[in-house]
Amino acid sequence: MANHPSALKRHRQSLKRQARNKAVKTRIKNVVKAVRQALAEKNAESAATALKAASSVLDRAASKKVIHWKKAGRCIARLQTAINKMAAEA
């Protein structure tokens, strides 16, 4: 454990940041899971609504540098592709 005041402050800051990032990442997992669940139920309308919410959460996380912006885009694109594929099959 650090002893210098500046190192102690950095440690406190890192703990706060870690908790904030963990909350955002958990939210990302939940919204993506909601889209996947709607896809599994073959419900196009709820999947589209869930995707809109998921893309908002992913973009916000990317703007705050919690996840990389390319990862956010890739995740949104893959979910959109899955929805489009389901719509084409129906």
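Refer to the structure presented above.
Described below are features of the structure shown in this document. (Residues numbered from 1 in each chain as written. Predicted model: local features only at pLDDT ≥ 70, side-chain atom pairs only at ≥ 80, totals over all residues. Heavy atoms only, no water.)

### What about a positive patch on the surface?
- Judged by side-chain charge, K9, R10, R12, K16, R17, R20, R27, R60 and K64 come together as a positively charged surface patch.
- Among the elements that make up the positive patch, the one with the highest residue count is helix 1 (residues 5-40) (seven residues).
- Residue position: K9 is located in helix 1.
- Judged by relative accessible area, which is 44%, K9 ranks as partly exposed. (Patch = residues over 30% accessible without salt bridge, like charges linked within 9 Å, V, L, I, M, F, W, Y side chains within 5 Å. Areas by Shrake-Rupley, 256 points an atom, 1.4 Å probe, with all protein chains shown as cover. Salt bridge = Lys/Arg side-chain N within 4 Å of Asp/Glu carboxyl O. Lys, Arg positive; Asp, Glu negative; His and termini not counted. Charge placed at Lys NZ, Arg CZ, Asp CG, Glu CD. Helix = DSSP H or I, 4+ residues; strand = E, 2+ residues; numbered from the N terminus. Buried < 20%, exposed > 50% of the residue type's maximum accessible area, 1.4 Å probe, protein only.)

### Comments concerning the nonpolar core
- Counting 21 residues, the largest nonpolar core has I28, V32, V35, L39, L58, I67 and I83 as its most contacted members.
- Secondary-structure elements contributing two or more residues to this core are helix 1, helix 2 (44-63) and helix 3 (69-89).
- In terms of residue count, the dominant contributor to this core is helix 2 (eight residues).
- Contact partners of V35, with chain neighbours within four places excluded, come to A47, A50, L51, A54, L79 and I83. (Core = buried A, V, L, I, M, F, W, Y, C linked by side-chain atoms within 4.5 Å. Contact = heavy atoms within 4.5 Å.)

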